[in-house]
Amino acid sequence: MTQRTYYYHFNKCDTTFWAMIMALIIAIISTYCCCFCGWGLFIVTVLLWGYKHIKHKAVVITDKSVKIDHCEPLAFKDIKKAQIKTVQMGCKKYQILSLTPEDRIKYRYNWLQKHNGTFGAFAIPLYGILTPADEKEIIKIVKGKIK
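(A) Representation of the nonpolar core. Counting residues in each nonpolar core, the largest one holds 24 residues, and the members touching the most others are Val59, Ile61, Val66, Leu99, Ile124 and Ile138. Elements that contribute at least two residues to this core include exactly β2 (57-62), β3 (65-68), β6 (92-101) and α4 (132-145). Not counting residues within four places of it along the chain, the set of residues in contact with Leu99 comprises Val66, Ile68, Ile79, Lys81, Ala82, Phe122, Ile124 and Val142.

Rendered as structure tokens:
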């Protein structure tokens, strides 16, 4: 394996889809009332929905490292342990694959990694925004790479 890339996989009929439908209804009603600003709202929601559903890289795994989202790659040799954890955000519980780095690694953390709450700096989502097959494959690869 040289490089394997996994992408986010969102449900097409989610909250942003229903917001887009509501914006369409508002646009149609506002056209009837001679006000066209509802169409601007509709266009914005369509653009947001479209942006969410284009391919976004979630995880890139190479022979030597793992890269989550837009973060710097983390070398497998710098990972102390990997574990599946359940974290809570608001009222929901999410399952993640948490990678714990060695104590004194040289790594440039981004803002989100420094402020990621209970998820931690290196969290691979296992709560349905990747395909189930991708989640299983990522767990298997990481398990094989961590000592």
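(B) A look at the sheet that holds β2. Read from one edge to the other, the open sheet built from four strands follows the order β1-β2-β3-β4, with strand pairing classed as antiparallel. Sheet topology places β1 (3-7) and β4 (74-75) at the edges, where each strand pairs with a single neighbour. Note that β1 and β2 share five bridges and pair antiparallel. The residue bridging Arg4 from the neighbouring strand is Ile61, located in β2. Of the strands in this sheet, β1 and β2 touch α4, which is tilted by about 140 degrees from β1.

(C) Up close: the confidence of the model for the protein. The share of residues in the protein with pLDDT of 70 or more is 99%, and the mean pLDDT across the chain is 90. Least confident of the elements in the protein is helix α1 (residues 15-32), whose mean pLDDT is 86; most confident is β3, at 96.

(D) Seen up close, α1. Here α1 contains 18 residues, and its C-alpha end-to-end distance of 26 Å stays within 8% of the 26 Å for a straight helix at 1.5 Å per residue. Buried within α1 we find Phe17, Met20, Ala23, Ala27 and Ser30. The buried residues of α1 occupy an angular sector of 140 degrees when projected down its axis, which confines them to one face. Exposed residues on α1 whose side chains face more than 90 degrees from its buried face are Thr15 and Tyr32.

Rules of the game
In every chain, residue numbers begin from 1 and rise along the written sequence. Only residues with pLDDT of at least 70 are given local features in this predicted model, and only at 80 or more are side-chain atom pairs given and counted; all residues enter the totals for whole chains, interfaces and linings. Only hydrogens and water are set aside; all other atoms, that is, all heavy atoms of the structure, feed into the side-chain values. Residues belong to a common nonpolar core when they are buried Ala, Val, Leu, Ile, Met, Phe, Trp, Tyr or Cys residues joined through side-chain atoms within 4.5 Å. Burial classes: relative accessible area under 20% of the type maximum marks a residue as buried, over 50% as exposed, and values in between as partly exposed (1.4 Å probe, protein chains only). What counts as a helix is a DSSP run of H or I of at least four residues, what counts as a strand is a run of E of at least two, and both are numbered from the N terminus. Contact between two residues is taken to exist if any of their heavy atoms lie within 4.5 Å; hydrogens are not considered. Note on pairing: DSSP must find at least two bridges between two strands before they are called paired. Between the N-to-C directions of two axes lies an angle of 0 to 180 degrees, each axis being a line fitted to C-alpha atoms and, for a helix, fitted only over the stretch in contact. Confidence of the prediction at every residue is given by pLDDT, a number between 0 and 100. The span expected for a helix works out to 1.5 Å for each residue beyond the first. The directions from the helix axis to the C-beta atoms are what the arc is built from.

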